[in-house]
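# Survey of secondary and tertiary structure
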Amino acid sequence: PGTEAKEGASVNLTVSRGPTQQTQKSNVTYRVPGTTRDPVPVRATLTDSTGTRVVYQALHVPGTELRLSVEWVGPEARVRFFVNDVVNREEVLR
């Protein structure tokens, strides 16, 4: 830094994307809806500044309470819970 380079000299250059965003952690609770005794497919996705990914997927009997611990990057994230491939609940994390 602060040193002048001669014309034609090789220099090392570092390019930054800016300050890195910290990973945050949240706990999310979800009760599987429904009244049947038959298990239903439940999936949870998380969308943050890095994109969307599946964070949970399993079969559950309605009434089951799920507790998920999720890590996310950015100023906020969205967790979506799907039952039978239909969005049942969405929660914004800040």
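Residues numbered from 1 in each chain as written. Predicted model: local features only at pLDDT ≥ 70, side-chain atom pairs only at ≥ 80, totals over all residues. Heavy atoms only, no water.

Take unusual backbone geometry next. A positive phi is found at Asn84, a non-glycine position, where the angle reads about 55°. The phi dihedral of Asp85 is positive, around 65°, even though this residue is not glycine. Of note, Asp85 is situated in the loop between strand 5 (77–83) and strand 6 (86–93). (Helix = DSSP H or I, 4+ residues; strand = E, 2+ residues; numbered from the N terminus.)

Turning our eyes to something else, we now look at the sheet that holds strand 5. As summarised here, the arrangement of the four strands in space is 3-2-5-6, forming an open sheet in which the pairing is antiparallel. Looking at strand neighbours, the two that pair on one side only are strand 3 (51–60) and strand 6, the edges of this open sheet. Each strand of the sheet is rotated relative to its neighbour by a mean of 20°, with strand direction disregarded. Where strand 5 and strand 6 come together, seven bridges link them in antiparallel fashion. Bridging from a neighbouring strand, Ala77 pairs with Leu93 of strand 6. (Pairing = 2+ DSSP bridges. Axes fitted to C-alpha atoms, helices over the stretch in contact; angles between N-to-C directions.)

Turning our eyes to something else, we now look at the environment of Val92. Along the chain, the position of Val92 falls in strand 6. C-alpha of Val92 to C-alpha of Phe82: the two residues are 10 residues apart in sequence and 15 Å apart in space. Leaving out residues up to four positions away in the same chain, Val92 has contacts with Glu76, Ala77 and Arg78. (Contact = heavy atoms within 4.5 Å.)

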